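Fold and geometry: a report
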Amino acid sequence: MTAQQREAELAHQRQVFDEFKAAGLALDMSRGKPCAEQLDLSTPMLSLLQSAEDCFDAAGLDCRNYGVIDGIPEAKQLMAHLLDDEPDNVFVFGNASLTAMHDAIARCLDYGCLGSRPWASYDQVSFICPVPGYDRHFAILEQFGIKMLPVTLGPDGPDMDEVERLVASDERVKGIWCVPKYSNPSGITYSDEVVRRLAKMPCAAADFRIFWDNAYCVHHLCAEVERQDQVLDIGIACQEAGTPDRYLKFASTSKITFPGAGVAAMACSTANLAEAKRLCGAQMIGHDKLNQLRHARFLPTADALAEHMNRHATILRPKFQLVQEKLQAGLNGLGIATWTDPHGGYFVSFDGLPGTAKRTVALAREAGVVLTGAGATWPYADDPQDRNIRIAPTMPPLEDLDLALDIFVCCARLAALETLAE
């Protein structure tokens, strides 16, 4: 556009924005929460335990009582499906994988890893953080005072040249966050090559750990297997590379059943599992085995799990399709934005012009649409280019999402035009 054309378009977008603002809307796209329709899919699980006899697992254990620190066998089998592992390698925790990851880092800080020096005894330890990434991962590190090292996340995983340089250069670089499948927020899936390089890369720290958060492992948007992303298992890659203790895998049923009442788990090597059980023994006697039993009976096989997730996909697919349609119609070809088109997960990653993300989010809030805060996808909430926004289309009903996306497009155009006018 010429300067005059941009000025006219800016005036038009301000008029459209004022109309949205005057409507007094209250729409929320701030977090990746399941909608009520998705939660309803798991309501039958609540009635599976009706009597005392229902509360015994397959081995005859009374799940109402103390014991079994690492989970009942049926729950281990269920979580093994999510973690691409064997039940014997699985430690079943409480309702949140975030808690399990937080506590795993706390154990590394306090006790070290398999006899190594405790991380807290160093003057400073660092973690590699692929960006854009998950804000709650970053919050854990910030709380513990662990330095965060941003590394660009590309279409097939983190920039491995930079990752390999960092881990080889300093023994105080102790770990990396990975969301390997349908990553938060970009929705990309790691390539086999990236997974193998992570497994075999020379590390200055013998106790380097890959925190493999497989949060969206079965969260496909399509039922057809050929249209679903697949990721090489980090456990297999590490075993082949001779680094069997390097990884800790995490997953939960939070977006499969109930986020507030799910089941979380970790899978790892035999040595890491034995250490975790020993150290956790002072913290707990066992987690909620009744909840484990409900989940195992509700999702007894891999096929049952896949069928349940297909029902989720039927609800989510139109929402993600609508995101693509609205962004294409309102922004495609203007040279002011790019965005991802994932095959699964809960988010779309949006990049506007540098310097426009905070303004876009602020404008949207004025017009009644709450988005994740600009910068949240970077460590310390500091996106150096101020351009990335995480779009979470899962929770609003379709008609509300339609309107929210119209507002978002208007705000993105308005922020871009303001920047170009400066």
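Before reading on, note that the structure itself is shown above.
How each quantity is defined
Residues numbered from 1 in each chain as written. Predicted model: local features only at pLDDT ≥ 70, side-chain atom pairs only at ≥ 80, totals over all residues. Heavy atoms only, no water. Helix = DSSP H or I, 4+ residues; strand = E, 2+ residues; numbered from the N terminus. Buried < 20%, exposed > 50% of the residue type's maximum accessible area, 1.4 Å probe, protein only. Contact = heavy atoms within 4.5 Å. Areas by Shrake-Rupley, 256 points an atom, 1.4 Å probe, with all protein chains shown as cover. Lys, Arg positive; Asp, Glu negative; His and termini not counted. Charge placed at Lys NZ, Arg CZ, Asp CG, Glu CD. Salt bridge = Lys/Arg side-chain N within 4 Å of Asp/Glu carboxyl O.

1. Description of the overall build of the protein
Per the secondary structure count, the protein includes 13 helices and 13 strands. Dimensions of the protein, computed from the C-alpha atoms along their principal axes, are close to 75 × 55 × 35 Å. A burial count over the protein gives 56% of its 422 residues as buried. Across the protein, contacts joining residues at least 24 apart in sequence account for 76% of those joining residues at least 6 apart. For the protein, the accessible surface area stands at approximately 17,600 Å², while carbon and sulfur atoms represent 51% of it. Charged side chains in the protein number 38 positive and 56 negative. The centres of these two groups are separated by 3 Å.

2. Thoughts on the pattern of salt bridges
Scanning all chains against the criterion turns up 23 salt bridges. Arg 14 serves as the salt-bridge partner of Glu 418, at 4.0 Å between the closest nitrogen and oxygen. Residue Glu 418 is located in helix α13 (residues 398-421), and its partner Arg 14 is located in helix α1 (residues 3-22); the two are separated by 404 residues in the primary sequence. Owing to a relative accessible area of 41%, Arg 14 belongs among the partly exposed residues under this scheme. Among the ionic pairs, Arg 31 bridges to Asp 135, the shortest N-O distance being 2.9 Å. Taken together, the residues Arg 31 in the loop between β1 (27-29) and α2 (36-40) and Asp 135 in helix α5 (residues 135-144) connect sequence positions 104 residues apart. Overall, the relative accessible area of 17% leaves Asp 135 in the buried class. If you follow the salt bridges from partner to partner, you end up with Asp 161, Glu 164, Glu 193 and Arg 197 in one network.

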